[in-house]
Each structure stands twice: as C-alpha cells, then as structure tokens.
Amino acid sequence: MRTGLTIGQFATVTHLSVRTLRRYHESGLLAPAKVDPDTSYRYYLPDQIATAQVIHRLRELDVPLAEIKSIITTDDPQQRAELIAGHLHRLEAELDRTRAAVVSLRQLLLPDAAVLDVELRSVPSRTVVAISAEVRLENSLAWFDRAMDDLEEAFPPDERSGPAGGRYANELFTGGTGVMTVFRPVHHPRSDGRIKVVDLPAADLAVAVHAGPHDDIDVTYGRLGNWVASHALAVDGPVHETYLTGPRETGDARRWRTEIGWPVFRLSPG
C-alpha cells in the first residue's frame, strides 16, 4: 500500500515544480522519504513540506547549495542562525554596493553633471595627531572607522582645533593597496599608542566640496579630476580629504560635506 505524497502532490502543496524537487533530490538537499524500487516513483512525507519550503526560500536568497545543506542538516539552532546571518550580511553588503552604483549613475546622468565649483588653495604646513597604515582598498572603510574612533576617544571635542581629515596615497586607488592617514588638528598634539604627532607638509590643492552621502563621492572625484586635467597641472601626491560635516556630526546624510583636495602645481602670484 502506498504511503506518503507523490512527487506531483508534494509539488502542489509546496508550490515547487517537479523539476525543482528532482533537482533538490539529485543535489542531496531533500531526498524523498521513499523511492519505489519497481516504478522509481518518489514519495514524500507531510513533515518534509516545511523543509522543502525553507530550501526554496534560501535558494531565492542565493544561498549556496553547500550552505543550505549545512543549515538544514544541523541540529544546533545557534549554528543554523549563524549560517543564515552570515549570508544575510553578504546580501546586505551587495545591496549597499548596488545602491551606491545606482546613486552614482543617477548623478552622472544629470544634465549639470559637469558643473563643479573648484577653488585653488594653498594649505600651510600643520602639526596634527594622526594614524597611518598601509591598507587594502576593500578594508579601507573599516580601517577608517576604527582609526577615527581611536582619535575621537583620545581627543574629545574640547581638545580639537579643526575638522578631521585624511591623506590617501595614489597607490590605494591604482594598485588596491596604499598608505592611509587620518588626522585631527588639536590644541596640544601628543602621541598615544598608535596615534602619532605628524607634521603635514604644505600643499597646493584644487579643492571641491562633495555634498551629501558618500555613495557617489567617486563622481565628485571624477569631476574634480576632469577640472584639474583641463585647468591645472596635477602633481604626484596623496589626495586630501577634509570632513567638514559627516556621520559623526549628524545622522542626516543630506548635510554631510566633504572637501576633496587634488594636489596641483601652482605658480606664485606675480
């Protein structure tokens, strides 16, 4: 006597196609409870319905087959939650990259995309507190956040004398690895652990302000680079950034303002 649901019935109650169920079987994700040795018909039990639907949801989230197998076979709820959470974090990162790309494309497609206010500015030498390290580009945001946290913890607001800034070696962008330096002007510079007292040299810069969130800051970089190529002589040297207003000052990304300074050769007046 037959027991269980045929593959067609199981497909109906799970809203999965027979082809999909066969693929799950062949990949070892969901084997039928019984396969008739004479007819090769597959039969499933009612308590396999939830498992089939979990697999389907995970596949909709592009969870790799090997991870799905680990998720549905483990008896440890904590391990199961960690496996799912790890994939969700990867999805969130991918969504962030997609959102940033969309924002940049929209900015590039605006009719006034080439319009940019640029100021030629001579920046004097300064003594600041700074953290420097050679960093891989894919790790740069995490490194930046940790470095800024350390600077702000060591130097509270009443000790600061100006906005934070950064200097980033060209190799960071051209080769994927380069020296990053984040710094703070303070009233009384002092070393503290990996925080060092640093003398920043004077520089001539072509400066533009990027307004708003950083998702499309690359567009402002491109516009400034275009301006420099057309109006000035670029020189080798790290790109400068000054964080006039950022996420540490306000949660309203529309109010963020970041100065970008491109090193240039500037003739002295007269």
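Rules and cut-offs
Residues numbered from 1 in each chain as written. Predicted model: local features only at pLDDT ≥ 70, side-chain atom pairs only at ≥ 80, totals over all residues. Heavy atoms only, no water. Helix = DSSP H or I, 4+ residues; strand = E, 2+ residues; numbered from the N terminus. Polar contact = N/O pair within 3.5 Å; in protein donor to acceptor, adjacent residues only side chain to side chain. Contact = heavy atoms within 4.5 Å. Salt bridge = Lys/Arg side-chain N within 4 Å of Asp/Glu carboxyl O. Axes fitted to C-alpha atoms, helices over the stretch in contact; angles between N-to-C directions. Parallel < 35°, antiparallel > 145°, perpendicular 65-115°, else oblique. Left-handed = near helix turned anticlockwise from the far one by under 90°. Expected span 1.5 Å × (residues − 1). Buried < 20%, exposed > 50% of the residue type's maximum accessible area, 1.4 Å probe, protein only. Patch = residues over 30% accessible without salt bridge, like charges linked within 9 Å, V, L, I, M, F, W, Y side chains within 5 Å. Areas by Shrake-Rupley, 256 points an atom, 1.4 Å probe, with all protein chains shown as cover. Phe/Tyr/Trp six-rings, centres within 6.5 Å; stacked < 30°, edge-to-face > 60°.

Visitor: Looking at this model, I keep getting lost on the side chain of Thr-14. Mind explaining?
Guide: You can see Thr-14 is positioned in helix 1 (residues 7-14). Here the side chain of Thr-14 touches Phe-10 through a polar contact of 2.7 Å, landing on its backbone oxygen. Sequence-distant contacts of Thr-14, defined by excluding residues within four places in its chain, comprise Ile-49, Ala-52 and Gln-53.

Visitor: Even after reading the chapter, I still don't get the pattern of salt bridges, so can you show me in this structure?
Guide: Side chains bearing opposite charge may pair, as long as their charged atoms lie close to each other. Tallied over the full model, the rule gives 11 salt bridges. With a shortest N-O distance of 2.8 Å, Arg-194 and Asp-150 are connected by a salt bridge. Of this pair, Arg-194 sits in the loop between strand 7 (177-184) and strand 8 (196-200) while Asp-150 sits in helix 6 (residues 140-154), placing them 44 residues apart in sequence. Through salt bridges with shared partners, a single ionic network connects Asp-145, Asp-149, Glu-152, Arg-184 and Arg-248.

Visitor: Looking at this structure, how should I read the packing of helix 1 against helix 3 (residues 49-60)?
Guide: Packed helices, taken two at a time, are described by the angle between their axes plus the distance between the axes. Orientation of helix 1 relative to helix 3, taken along the N-to-C sense of each, is 60°, at an axis distance of 10 Å. Between helix 1 and helix 3, the interaxial angle falls into the category oblique. Viewed along their axes, helix 1 and helix 3 form a crossing whose handedness is right-handed. Within the contact between the two elements, helix 1 uses Phe-10, Val-13 and Thr-14 and helix 3 uses Ile-49, Ala-52 and Gln-53.

Visitor: Even after reading the chapter, I still don't get the packing of helix 1 against helix 2 (residues 18-26), so can you show me in this structure?
Guide: Remark: helix 1 packs on helix 2, axes separated minimally by 9 Å, with the N-to-C direction vectors making an angle of 105°. Considering their axes alone, helix 1 and helix 2 lie roughly perpendicular with respect to each other. Of the residues in helix 2, those in contact with Ile-7, Gly-8, Phe-10 and Ala-11 of helix 1 are Val-18, Leu-21 and Arg-22.

Visitor: Sorry, what's going on with helix 8 (residues 217-231) here?
Guide: An α-helical turn contains 3.6 residues, so any two residues separated by three or four positions project in the same direction. Across its 15 residues, helix 8 extends 21 Å between first and last C-alpha, which sits within 8% of the 21 Å expected from 1.5 Å per residue. Among the residues making up helix 8, those that are buried are Ile-217, Val-219, Thr-220, Tyr-221, Arg-223, Leu-224, Gly-225, Trp-227 and Val-228.

Visitor: What should I look at first to understand a nonpolar patch on the surface in this one?
Guide: Together, Leu-233, Val-235 and Phe-265 line one region of the surface with nonpolar side chains, adding up to about 280 Å² of accessible area. By the element assignment, Leu-233 lies in strand 10 (residues 233-234). By relative accessible area, Leu-233 is classed as exposed at 52%.

Visitor: Just checking my understanding: could you explain the packing of aromatic side chains for this structure?
Guide: The relation between two aromatic rings is expressed through the spacing of the ring centres and the mutual angle of the planes. Under the counting rule described, the total for this entry stands at three aromatic pairs. On the basis of an interplanar angle of 10° and a centroid distance of 4.3 Å, the ring pair of Phe-10 and Tyr-44 is categorised as stacked. Taken together, the residues Phe-10 in helix 1 and Tyr-44 in strand 3 (residues 42-44) connect sequence positions 34 residues apart. Grouping residues by exposure puts Phe-10 and Tyr-44 together as buried. Seen from their ring centres, Phe-144 and Tyr-243 are 5.4 Å apart, and the 75° between their planes marks the pair as edge-to-face. Residue Phe-144 is located in helix 6, and its partner Tyr-243 is located in strand 11 (residues 239-245); the two are separated by 99 residues in the primary sequence. Exposure remark for Tyr-243: the relative accessible area of 12% places this residue in the buried category.

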